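Remarks on the overall topology
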Amino acid sequence: ERMWIHDSMTLLRNPDGSLNAIIGAASDQTAQRATREYLGVTLRSIGDAVIATDLHSRITLMNPIAEKLTGWTEEDAIGEPLDTVFRIINKETGEPVESPADKVMQGHGMVGIGKNTLLIDRHGIKRPIADSGAPIMMAPNESPLGVVLVFRDQSEERRNQQAIVDQQARYRALVENSPVGIF
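Residue numbering note: each chain is counted from 1, following its sequence as written. Selection of residues for local features in this predicted model requires a pLDDT of at least 70, selection of side-chain atom pairs for listing and counting requires 80 or more, and totals for whole chains, interfaces and linings are taken over all residues. Side-chain numbers here rest on the full set of heavy atoms in the structure, without hydrogens or water.

1. Section: the side chain of Glu74
Each helix is a run of H or I in the DSSP string that is no shorter than four residues. Each strand is a run of E no shorter than two, and both are numbered from the N terminus. If you trace the backbone, Glu74 turns up in helix 3 (residues 74-77). Contacts are assigned to residue pairs that have any heavy atoms within 4.5 Å of one another. In this structure Glu74 touches Arg44, Leu61, Met62 and Glu67, once residues within four positions along its chain are discounted.

2. Examining helix 5 (residues 100-108)
With a 1.4 Å probe rolled over the protein chains alone, any residue whose accessible area is under 20% of its type maximum counts as buried; one over 50% counts as exposed, and the rest are partly exposed. Among the residues of helix 5, those classed as buried are Pro100, Ala101 and Val104. Down the axis, helix 5 shows its buried residues gathered within 105° of arc, on one side only. Within helix 5, the exposed residues directed more than 90 degrees away from the buried face are Gln106 and Gly107. Lining the buried residues of helix 5 we find helix 4 (82-85), strand 5 (87-90), strand 6 (111-112), strand 8 (126-136) and strand 9 (146-153). Starting at the helix axis, one direction is taken to each C-beta atom, and the arc is that of these directions.

3. Focus on the pattern of salt bridges
Any Lys or Arg side-chain nitrogen located within 4 Å of an Asp or Glu carboxyl oxygen qualifies as a salt bridge. One pass over the structure, following the stated rule, counts four salt bridges. The partner of Asp76 in a salt bridge is Arg122, with the nearest N and O atoms 3.3 Å apart. Residue Asp76 is located in helix 3, and its partner Arg122 is located in the loop between strand 7 (117-120) and strand 8; the two are separated by 46 residues in the primary sequence. We note a salt bridge from Asp121 to Arg127, for which the minimum N-O separation is 3.7 Å. For the pair shown, Asp121 and Arg127 are each scored as buried. Three or more residues are tied together by salt bridges with common partners; here these are Asp121, Arg127 and Asp153.

4. Some words on the environment of Gln168
With respect to the element layout, Gln168 can be found in helix 6 (residues 155-176). Along the primary structure Gln168 and Arg13 are separated by 155 residues, whereas in three dimensions their C-alpha atoms are 86 Å apart.

5. Some words on the nonpolar core
Within the largest apolar cluster, 21 residues are counted, with the highest numbers of intra-cluster contacts made by Ile51, Met62, Phe86 and Phe151. Those elements that provide at least two residues to this core are strand 3 (49-54), strand 4 (59-62), helix 2 (64-70), helix 4, helix 5 and strand 9. Looking at which element gives the most residues to this core, the answer is strand 9, with three residues. Not counting chain neighbours up to four residues away, the residues in contact with Ile51 comprise Ile59, Leu61, Met62, Ala66, Thr70, Leu82, Phe86, Val147, Val148, Leu149 and Phe151. Residues belong to a common nonpolar core when they are buried Ala, Val, Leu, Ile, Met, Phe, Trp, Tyr or Cys residues joined through side-chain atoms within 4.5 Å.

Following this line, the structure appears as structure tokens:
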């Protein structure tokens, strides 16, 4: 069975600098390590994109879906400002959208983004997304430690919605322009 041990030592010296004693301590870190690994695996297994930030909106974690949608590897993104990796704009105006992480850190609790939001990946590809942000809290009524963003690509959903709207418009035009009544 594998164990994770944390150890430390302190050298005690005599006034002349010679070694008097060595004091050491060791503690079993196996349970802590297993919990940390379990949480990391869980976050990386979620089917939506997940990005976590620290208190200063610097990225601390990204799952594989977030890597795919942003075009950034987790290794490259760690420590980067969120706005560098998670670039979002308004579809209609092309203007940058306020970061959901900034809204969360300003005390707005859990937030979402507007439905006209596009994510621009590292290679310039734009895709519609749905997103929410929430504070990372150690305990209620304390300041957030950072923000977790959960988002997903809505390209297919939006195409399907548009296809329905287009189909309804064609049907309406057919009915309204028909020389005979259609029931």
